[in-house]
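Residue-level listing of the chains:
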Amino acid sequence: MTARRSDATRAAILDAARDRFAADGYERATIRAIARDARIDPSMVMRYFGSKEGLFAAAVALDLRLPDLAPVPREEVGRTLVGHFVDLWEENDELTAVLRVGATNEAGAERMQGIFREQLLPVARQVCPDPEQVPARAALCAAQLLGLALTRYVLRLPPARALHREELVAWLGPTVQRYLTAPSP
């Protein structure tokens, strides 16, 4: 029973942390507020995660569930990735939290870099015509997709919020496609 209670406490802390980081960003989210949201003593948060940075890293262990691009027709890669990211952002507040923190905090930036390195680079390798250009091309894709996320989900600019999924895919898909598969300029 103790192991179950421990797992439940850990899960409650992580849920509260995800919500708090998404709502307040890394800097303003406090251990006390997260503990209050989880209905536990703040010392328990420190016991389980050691520090705010440790809690953040555990709370935002994101799997972008990027699609395997092998079966996707080469000319549809950009649209496929943009559609995937829009769907992911629409259903996942953790991504908003990571973006906010990544823009304002070194621990968050390191977390974003790890996600880029571990998840986006392998996808770019599947389609990029020149292996030496994979990091640069993946970075351009990330800039485009993170720019959309920043304007739509963090800054909540009304024109960015008003665009429907199909419009976003139609506008951004060709740009991401070019970054990944076009000949080098």
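Position numbers for residues count from 1 along each chain, tracking the sequence in the order it is written. The predicted origin of the model limits local features to residues at a pLDDT of at least 70 and limits the giving and counting of side-chain atom pairs to 80 or more, whereas totals for whole chains, interfaces and linings rest on all residues. Excluding hydrogens and water, the side-chain figures rest on all heavy atoms present in the structure.

1. Section: the packing of aromatic side chains
Classification of ring pairs rests on two measures: the distance between centres of Phe, Tyr or Trp rings, Trp counted by its six-membered ring, which must be within 6.5 Å, and the angle between planes, read as stacked under 30 degrees, edge-to-face over 60 and tilted in between. Scanning the entire structure with this criterion turns up 3 aromatic pairs. Look at Tyr48 and Phe49: their rings are 6.3 Å apart centre to centre, the planes differ by 40°, and that puts the pair in the tilted class. Accessibility here uses a 1.4 Å probe with only protein chains present; expressed as a share of the type maximum, an area under 20% marks a residue as buried, one over 50% as exposed, and anything in between as partly exposed. On the basis of relative accessibility, which here comes to 11%, the residue Phe49 falls in the buried class. Ring centres of Trp89 and Tyr153 lie 5.5 Å apart, and the angle between their planes is 10°; this geometry places the pair in the stacked category. In this pair, Trp89 is assigned in helix H5 (residues 77–91) and Tyr153 in helix H8 (residues 134–154), connecting sequence segments 64 residues apart. One exposure class covers both Trp89 and Tyr153, and it is buried. Over the face of the ring belonging to Tyr48 we find Arg47, whose NZ or CZ atom lies 5.7 Å from the ring centre. A run of H or I in DSSP becomes a helix once it reaches four residues, and a run of E becomes a strand once it reaches two; helices and strands are each numbered from the N terminus. Any Lys NZ or Arg CZ that is within 6 Å of a ring centre and within 35 degrees of that ring's normal is treated as a charge sitting over the ring.

2. What to know about a nonpolar patch on the surface
Think of a patch as exposed residues, more than 30% relative accessible area, with no salt bridge, where like charges cluster within 9 Å and nonpolar side chains (Val, Leu, Ile, Met, Phe, Trp, Tyr) cluster within 5 Å. In this description, accessible areas are obtained by the Shrake-Rupley approach with a 1.4 Å probe, and a residue is regarded as covered only by the protein chains that are shown. We define a salt bridge as a side-chain nitrogen of Lys or Arg found within 4 Å of a carboxyl oxygen belonging to Asp or Glu. Residues Leu150, Leu155 and Leu157 make up a contiguous nonpolar surface patch of roughly 250 Å² in combined accessible area. Overall, Leu155 belongs to the exposed group, its relative accessible area being 51%.

3. Structural notes on the nonpolar core
Buried together is how nonpolar side chains tend to be arranged in soluble globular proteins. Counting 58 residues, the largest nonpolar core has Phe21, Leu55, Leu81 and Leu180 as the members making the most contacts within it. A total of 9 residues in this core trace back to one element, the largest contributor, which is H8. To define a nonpolar core, start from buried Ala, Val, Leu, Ile, Met, Phe, Trp, Tyr and Cys residues and group those joined through side-chain atoms within 4.5 Å.

4. Examining the pattern of salt bridges
For the coordinates displayed, the defined rule picks out 7 salt bridges. Notably, a salt bridge pairs Glu76 with Arg79, separated by 3.6 Å at the nearest N-O pair. Linking Arg152 and Glu90 is a salt bridge whose minimum nitrogen-to-oxygen distance equals 3.0 Å. You can see Arg152 sitting in helix H8 and its partner Glu90 sitting in helix H5, a full 62 residues away along the chain. On the basis of relative accessibility, which here comes to 6%, the residue Arg152 falls in the buried class. If you follow the salt bridges from partner to partner, you end up with Arg20, Asp24 and Asp37 in one network.

As far as function goes, none of this settles anything; it's purely spatial.
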